[in-house]
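What follows is each chain in one-letter form.
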Amino acid sequence: MRLEDEEDETFFTCSCFLDSHRLLAGTRGGAMKLFNISTGNVVKSWQCHDSELSRIKLMPTTHTRLVTSTPIERDEEVSTKLWDISDISKMMEPLQVFGSIYAANFANHDPDQLLGTSFDKAVIFSVETGKIIRTLPDARGPLQALSIAVWSPCDDLILKDNTLWDPRAPQLLHKFDKFTNYGSGYFNPHSGTDVIINSEIWDLRTFKLVHTCPQFMQAQIQFNRQRQMSKSCKV
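What you are looking at is a predicted structure, and each value in this text was computed from that prediction instead of being measured.

Visitor: Just to check I follow, could you spell out the overall build of the protein chain for this structure?
Guide: When helices and strands are counted, the protein chain shows 0 helices and 22 strands. For the protein chain, the residues scored as buried account for 46% of the 235 residues in total. Accessible surface, the protein chain: about 12,700 Å² in total, of which carbon and sulfur atoms supply 49%.

Visitor: How should I be thinking about the nonpolar core in this particular structure?
Guide: Across soluble globular proteins, you tend to see nonpolar side chains buried next to one another. In this structure, Leu24, Met32, Trp46 and Leu66 are the most contacted members of the largest nonpolar core, which totals 16 residues. Elements supplying a minimum of two residues to this core: β1 (12-17), β3 (31-36) and β5 (55-58). Of all hydrophobic cores here, the second largest spans 11 residues; its members include Met59, Phe98, Ile101 and Phe106.

Visitor: Explain the sheet that holds β3 here, please?
Guide: Strand pairing in a sheet relies on backbone hydrogen bonds, with the paired strands running either antiparallel or parallel. What the 4 strands build is an open sheet, ordered β1-β2-β3-β4; its pairing is antiparallel. The sheet is open, and its two borders are formed by β1 and β4 (42-47), each paired with just one other strand. The mean inter-strand angle of the sheet, taken between neighbouring strand axes irrespective of direction, is 20°.

Visitor: Whenever I open this one, the confidence of the model for the protein chain confuses me. Can you help?
Guide: Detailed reading of the predicted coordinates is not advisable wherever pLDDT falls low. Per-residue confidence for the protein chain gives a mean pLDDT of 86, with 86% of residues at or over 70. Confidence over residues 1-6 falls short of pLDDT 50; this stretch has 12 contacts with residues more than four positions distant or in other chains.

Visitor: Hey, could you run me through a nonpolar patch on the surface in this one?
Guide: There is a patch of nonpolar side chains on the surface, built from Ile72, Phe119 and Leu146 and spanning about 240 Å² of accessible area. With respect to the helices and strands, the residue Phe119 is situated in the loop between β10 (113-117) and β11 (121-126). For Phe119, a relative accessible area of 41% corresponds to the partly exposed category.

Visitor: Got a minute to help me understand the pairing of β3 in this structure?
Guide: Working note: regular strand, side chains alternate between the two faces of the sheet. Burial analysis of β3 places 5 of its 6 residues in the buried class, which makes it a mostly covered element. Connecting strand β2 (residues 22-27) to the antiparallel partner β3 that follows it, the hairpin turn spans 3 residues, and Gly30 within it adopts a positive phi of roughly 90°. Sheet topology note: the β3/β4 ladder contains 5 bridges and is antiparallel. If you follow Phe35 over to β4, its bridge partner there is Val42. Where β3 folds back onto β4 in an antiparallel hairpin, the turn is made up of 5 residues, including Gly40, whose phi is positive at roughly 80°.

Visitor: Just to check I follow, could you spell out the pattern of salt bridges for this structure?
Guide: Oppositely charged side chains can form a pair if their charged atoms are brought close together. In the structure shown here, the tally under the stated rule is 7 salt bridges. With a closest N to O distance of 2.8 Å, Asp19 and Arg22 form a salt bridge. Given the relative accessible area of 27%, Asp19 is considered partly exposed. Judged by relative accessible area, Arg22 falls into the partly exposed class, the value being 30%. Close ionic contact of Asp87 with Lys90 constitutes a salt bridge, the shortest N to O distance being 3.8 Å.

Visitor: Mind showing me how you'd approach the sheet that holds strand β6 (residues 65-69) here?
Guide: Strand order in the open sheet made by the 4 strands is β5-β6-β7-β8, with antiparallel pairing throughout. Because the sheet does not close on itself, it has two edges, and the strands there are β5 and β8 (96-99). Adjacent strand axes in the sheet meet at a mean angle of 15° when their direction is disregarded. Examined bridge by bridge, β5 and β6 share 4 bridges and lie antiparallel to one another. Across the sheet, the residue bridging to Lys57 is Val67, located in β6.

Visitor: Even after reading the chapter, I still don't get unusual backbone geometry, so can you show me in this structure?
Guide: Leaving glycine aside, a negative phi is the common case for residues, and trans is the common case for peptide bonds. Non-glycine residue Ser100 carries a positive phi angle of around 65°. Looking at where Ser100 falls in the secondary structure, it is placed in the loop between β8 and β9 (103-106). Note on Ser100: relative accessible area 40%, which makes it partly exposed. We note that Asp161 has phi near 60°; this positive angle belongs to a residue other than glycine. As for its placement among the helices and strands, Asp161 is situated in the loop between β14 (158-160) and β15 (163-165). A relative accessible area of 0% means that Asp161 is categorised as buried.

Calculation criteria
Residues numbered from 1 in each chain as written. Predicted model: local features only at pLDDT ≥ 70, side-chain atom pairs only at ≥ 80, totals over all residues. Heavy atoms only, no water. Helix = DSSP H or I, 4+ residues; strand = E, 2+ residues; numbered from the N terminus. Buried < 20%, exposed > 50% of the residue type's maximum accessible area, 1.4 Å probe, protein only. Areas by Shrake-Rupley, 256 points an atom, 1.4 Å probe, with all protein chains shown as cover. Core = buried A, V, L, I, M, F, W, Y, C linked by side-chain atoms within 4.5 Å. Pairing = 2+ DSSP bridges. Axes fitted to C-alpha atoms, helices over the stretch in contact; angles between N-to-C directions. pLDDT = per-residue confidence, 0-100. Contact = heavy atoms within 4.5 Å. Patch = residues over 30% accessible without salt bridge, like charges linked within 9 Å, V, L, I, M, F, W, Y side chains within 5 Å. Salt bridge = Lys/Arg side-chain N within 4 Å of Asp/Glu carboxyl O.

Structure representation (C-alpha cells):
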C-alpha cells in the first residue's frame, strides 16, 4: 500500500486496527497515519520516529495505550515508544521511550505490564512508570536469529524464541530444542497447551514434540480474536 503521488517514504510497513472504524498504519518515513476505514481518508498523521516503523501494537485491555517500534538496522538506534491514545486528537509526545527495544507486547490482562525485546534479553516494564519490573536474560547462546518475546494467553508464561520463562520464578523454566536458527516462538491460544517454534509444535505439559508442520517454517504467525490462526507469511 502507498498514498498516491507521494515519495517512497509513504509506503506502509505495519498496521493495526484502532477499532471497527479506524486503522493505524506506519510508514517507511517513520510517520503513523490514522485512516477512516469507511472512506479511506487520512484523519490524522504523526511523526513518531526518524526511521521506518516496523511494529504498531495496541493495548488489548483498555485500548488507551499504543507502542511503536523501529526495525533492526546497523546504522540506526532501535527504539520503542509508548503513546497515550485515550484522546488521539491530542497525541503529541510519547509517554516513554525504550532504547534498544526493537519490539514490545502489552500483557493480555494486566494493563501495567509491557514485554520488550532487545538483542540479548527480554524486559518487563511498568506501563505507568516506565521502570523495569523484571529482566529475562537470553539463554539461547550466540548466532541465533532475532525473535520477539511473547506472553502466554494468561500472562503466566513468557516465550522468547525457544526459551520458556515464568516471570515469577528466578530461573529459566525450560529450553526447547530448536533445529534451525530461523523463526520465533508462539503460544497457541486455541489449545492453551502448545507452543509453536518455527515448524515444531511442543506440548507445554510434557515439553515433548507433538507435531512438525513444514508450512510454519520461517513464518510469522498471528491469531485473530477468536484465537484462530489468521495469517502465516514467510519472513
